[in-house]
Amino acid sequence: MEFQLNLSLTELRKRTNREHLRTIPFLSTTDSVFSALNDNDKKILALLDRAGRVFDTISLKQDNKYNIDFLKFLNSEIKKGNEKAELTKILFDAQKGIFSPDYEGQEVRLAKNIIKPLGLNFYPETLDTETFHIMLGQMLDNGEVEAVQNILSQRTMVRIKNDKLIGIDYVDYFKKEFTQVADYLLQASKLCDRSEKQFAKFLKLQAKALLKANPKLDAKADILWAKIVNSKFEFTITRECYDDKMSTTILENAPLLKRLQEHNITIHSKDSLGARVGLVNIEGTKTLHELQGLKSIAEEFMPYKEHYSNEKKKPSRKQTALDVDIVNLYGSEGEFRAGIVLAQNLPNNDKLALKMGGGRKNIYHRQVRLSKSSRIAKKLLDNEMLKYYNLDSRHLGTICHENTHSLGPNPKTLGKYSSIIEEFKADMGMFAFLKEFIEAGVFTETQAKEIIVSDLTDSFLRAKPKLSQAHKVRTVMILNRFLREKALKLNSEQKLEINFDLIISTSKKMMAEIIALQLKGSIEETRQYIKKYFVWTSTMEKIATIQKTLTRYLNGKTSAPLSDKLNRMRIK
């Protein structure tokens, strides 16, 4: 294909200058957490980083069929001295793909005449929704039940062969890349000493899972990974399903959905693959362990728990947590698309590891957290409220958010709205139980107020997001509800006024509403709920305007000097 660069030179120069391109620095070569490692451990970290690096290629292939060729085109043009190509590559490397929303909600498209399909490259580019549904129906007519389930698996790339849909397991589709990752992991496992015996076992299990198309192998690796809390290393192959919008269209085709249900076929969105490489921060992790009681307190007060508390092997019973200094984030994990991931609760609800009785692990990304700025807070808050803005307490709120992902029912599928509702629920976990946390002596009243002020101040957006941006959609919904309930308002001096008691009581109501939606599983009721509250208000627009005077960032990228050094390191 003949590529054409989409953005003008003026626009590219603007988006890639320091004023408009935010940079989040990961670990450097001089950070003490790296310097303290012995030579053998540095080799292990280098191998883990090289394993993670492969997921950039995998993710590009999942994201858009033209990404790899477009990257080659950019590199070729850069050699010719093409400044537009050089600047375009900066954005491409940051957002890891041709398409990305920016901070103001605009779609950045780096190449002309290329579309962003509903199913990205998980499905054939030319496959439209109607044809997709028809072809699945025809397969059911022919009794190809197993083939349909394979197509609707989290772990297959779907293609057309002989006019029929086929699902190709990731292990087979990415055989070259997966084999390379497995080799790095096995090399690293052999270098692990006795203190890393459990981590070495995990690496071997993960390597095995990359070489054979068997979900149980992934599950075994996930189960062990979630238990590991005493390793100095953190390596995760992340598998989350926010990006595929094609699979869930079936949930709005009632006749086809009914047929699939009659055959006990479960519909899954495709897993976008990424990787995290880091070193465990001892002090930060100690704090997390001291706060482990938060989850059990929240669990006791969750609404409608009598309707789901007896679920077999309920995953919320087991959870660990680590604070991690980030060496690098790769693949879908490292995409800077109007933001980058702050923390994760894995494995997700759809993963086999949970059904097999495994637990979850929360991972917190220190460098992303520490990159936060207080400029917006100083503008939006008066002196009385500003004293409650505290980034350490912002982190406490994030912990409550991630814990809440492990609480509540195993939700029924709500199609393209599932992620919005799940993230909404997790946010409510930051506020709904603050009085109970205070009574239990886990938080002080001041910390509770700091959590509320810090999170809400940082939540306001610079533009209305698209419905596909689950995390930002739920933010608009929550802020809208707080504004409606008078728990939050912008006064005549353009300062935020927060009613702490109303924030907590409104959050309890919203938590109950969200759990009810998850239990019922009605896509139509969920759609109406989102429609009711996903409204960009005049107050939000005023605050967006204020923010634009304080920060001019349009895009963002990460910087990983330690990762770059590890990539050059010789390993004998």
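Residue numbering note: each chain is counted from 1, following its sequence as written. Where local features are concerned, this predicted model is filtered to residues with pLDDT of at least 70; where side-chain atom pairs are given and counted, the filter is 80 or more; whole-chain, interface and lining totals use all residues. Excluding hydrogens and water, the side-chain figures rest on all heavy atoms present in the structure.

**Description of the layout of surface pockets**
Computed over the protein atoms alone on a 1 Å grid, cavities are sets of points where a 1.4 Å probe fits but cannot get out and pockets are open sets with protein on both sides within 12 Å along at least five of seven lines; a residue lines them when it has an atom within 4 Å of a point. Grid points are joined across faces, edges and corners, and a volume is the space filled by probe spheres set on the points. Taken as a whole, the second largest pocket holds about 570 Å³ of empty space. Along the walls of the second largest pocket sit 20 residues, with Asp56, Asp93, Ala94, Lys96 and Asn328 positioned nearest its centre. Each helix corresponds to a stretch of at least 4 residues labelled H or I by DSSP, and each strand to a stretch of at least 2 residues labelled E; elements are numbered beginning at the N terminus. When contributions to the lining of the second largest pocket are tallied by element, the ones reaching two or more residues are helix H3 (39–63), helix H5 (83–95), strand E8 (319–331) and strand E13 (555–559). Per-element tally for the lining of the second largest pocket: the top contributor is H5, with 5 residues. Residue polarity is assigned by list, with Asp, Glu, Lys and Arg as charged and Ala, Val, Leu, Ile, Met, Phe, Trp, Tyr, Cys and Pro as nonpolar; anything else, Gly included, falls into the polar class. Broken down by class, the residue content of the lining of the second largest pocket amounts to 8 nonpolar, 5 polar and 7 charged.

**What to know about the environment of leucine 224**
Among the secondary structure elements, leucine 224 is positioned in helix H11 (residues 215–227). Whether a residue is buried, partly exposed or exposed follows from its accessible area with a 1.4 Å probe, protein chains only, as a fraction of its type maximum: under 20%, in between, or over 50%, in that order. Its relative accessible area of 11% is what places leucine 224 among the buried residues. The sequence separation of leucine 224 and leucine 490 amounts to 266 residues, and the corresponding C-alpha distance is 48 Å. Note on contacts: a residue pair qualifies if any of its non-hydrogen atoms lie within 4.5 Å across the two residues. Apart from residues no more than four positions distant in its own chain, leucine 224 is found in contact with Gln198, Lys201, Phe202 and Leu205.

**Regarding the nonpolar core**
Ranked by internal contacts, the top residues of the largest apolar core, which has 153 residues, are Leu45, Leu48, Phe132, Leu152, Phe235, Phe431 and Phe482. Top element by residues in this core is H3. It accounts for 9 residues. Counting residues in hydrophobic clusters, the runner-up holds 20 residues, among them Leu5, Leu60, Leu87 and Val108. Joining through side-chain atoms within 4.5 Å is the link that ties buried Ala, Val, Leu, Ile, Met, Phe, Trp, Tyr and Cys residues into a set, and such a set is a nonpolar core.

**Re the pattern of salt bridges**
What makes a salt bridge here is a side-chain nitrogen of Lys or Arg within 4 Å of a carboxyl oxygen of Asp or Glu, nothing more. Tallying each qualifying case throughout the model produces 44 salt bridges. The salt bridge involving arginine 394 is made with aspartate 458; its shortest N-O contact spans 3.4 Å. Pair noted here: arginine 394 is in helix H19 (residues 391–405) and aspartate 458 is in helix H22 (residues 445–459), with a separation of 64 residues, a long-range link. When salt bridges that share partners are traced, they join Glu252, Lys416, Glu524 and Arg527 into one network.

**Section: the environment of isoleucine 514**
Here isoleucine 514 lies in helix H24 (residues 500–520). Exposure remark for isoleucine 514: the relative accessible area of 0% places this residue in the buried category. Distance from isoleucine 514 to isoleucine 421, taken between C-alpha atoms, is 6.7 Å for residues 93 residues apart in sequence. Ignoring sequence-local partners within four residues, the contact set of isoleucine 514 consists of Ile421, Phe424, Lys425 and Tyr529.

**Examining the confidence of the model for the chain**
Caution applies to low-pLDDT regions: their predicted coordinates should not be interpreted in detail. pLDDT measures the predictor's confidence residue by residue and takes values from 0 up to 100. The share of residues in the chain with pLDDT of 70 or more is 98%, and the mean pLDDT across the chain is 95. The model gives residues 312–316 a pLDDT under 50, and that stretch makes 16 contacts with residues more than four places away or in other chains.

**Things to note about empty space enclosed by the protein**
All chains considered together, the criterion is met by 8 cavities of 30 Å³ or more. Counted as a void, the largest cavity has a volume near 100 Å³. As for the largest cavity, its lining consists of Phe202, Gln206, Ala221, Asp222, Trp225, Thr236, Ile237, Thr238, Arg239, Leu346, Pro347 and Lys351. When residues of the lining of the largest cavity are traced back to their parent elements, those giving at least two are helix H10 (197–211), H11 and strand E6 (233–240). When residues in the lining of the largest cavity are grouped by element, the largest group, 4 residues, is from E6. Its residues assigned to classes, the lining of the largest cavity comprises 6 nonpolar, 3 polar and 3 charged.

**Regarding the sheet that holds E8**
Spatial ordering of the open sheet is given by E6-E7-E8-E10-E9, a layout of 5 strands whose pairing is mixed. Edge strands, defined here as strands with exactly one partner in the open sheet, are E6 and strand E9 (343–346). Mean inter-strand twist for the sheet, computed between neighbouring axes without regard to direction, equals 40 degrees. Should DSSP find at least two bridges between two strands, the strands are taken to pair. Note that E8 and strand E10 (residues 360–365) share 6 bridges and pair parallel. Bridge pairing in E10 places threonine 320 opposite lysine 361. In the packing of H19 onto the sheet, the strands contacted are E8, E9 and E10, and the crossing angle to E10 comes to about 155 degrees. Angles here are taken between N-to-C directions and fall from 0 to 180 degrees, while the axes themselves are lines fitted to C-alpha atoms, restricted in helices to the stretch in contact.

**Things to note about the packing of H3 against helix H27 (residues 561–568)**
Put simply, H3 and H27 touch, their axes get as near as 9 Å, and they point 100 degrees apart. One element, H3, and the other, H27, form an angle in the roughly perpendicular class. Here Lys42, Leu45, Ala46, Asp49, Arg50 and Arg53 of H3 lie close against H27, whose contacting residues are Leu562, Ser563, Asp564, Leu566, Asn567 and Arg568. Roughly parallel means an angle under 35 degrees; roughly antiparallel means over 145; roughly perpendicular covers 65 to 115; every other angle is labelled oblique.

**Concerning the packing of aromatic side chains**
Two aromatic rings are characterised by how far apart their centres lie and by the angle between their planes. The criterion for an aromatic pair is that two Phe, Tyr or Trp rings (for Trp, the six-membered ring) have centres within 6.5 Å, with stacked assigned to planes under 30 degrees apart, edge-to-face to planes over 60 apart and tilted to the rest. Scanning the entire structure with this criterion turns up 19 aromatic pairs. When the centroid spacing of 6.5 Å and the interplanar angle of 65 degrees are considered together, the rings of phenylalanine 433 and phenylalanine 437 count as edge-to-face. Residue phenylalanine 433 shares its accessibility class with phenylalanine 437, and that shared class is buried. An aromatic cluster is built from Phe3, Tyr66, Phe70, Phe73 and Phe92, whose rings are joined through pairwise contacts. Its guanidinium or amino end placed over the ring of phenylalanine 34, lysine 42 lies 4.9 Å from that ring's centre, counting from NZ or CZ. Criterion for a charge above a ring: Arg CZ or Lys NZ at most 6 Å from the ring centre, at most 35 degrees from the ring normal.

**What to know about helix H14 (residues 293–301)**
If you check which residues of H14 are buried, you get Leu294, Lys295, Ile297, Ala298 and Glu299. For H14, the elements touching its buried residues are E8, H19 and helix H21 (434–439).

**Structural notes on unusual backbone geometry**
A cis amide bond links leucine 346 to the next residue, proline 347, at an omega of -5 degrees. The backbone phi angle of asparagine 264 is positive, close to 55 degrees, even though this residue is not glycine. Mapped onto the elements, asparagine 264 comes out in the loop between helix H12 (254–262) and strand E7 (272–280). Taking relative accessible area as the criterion, asparagine 264 reaches 67% and is therefore assigned exposed.

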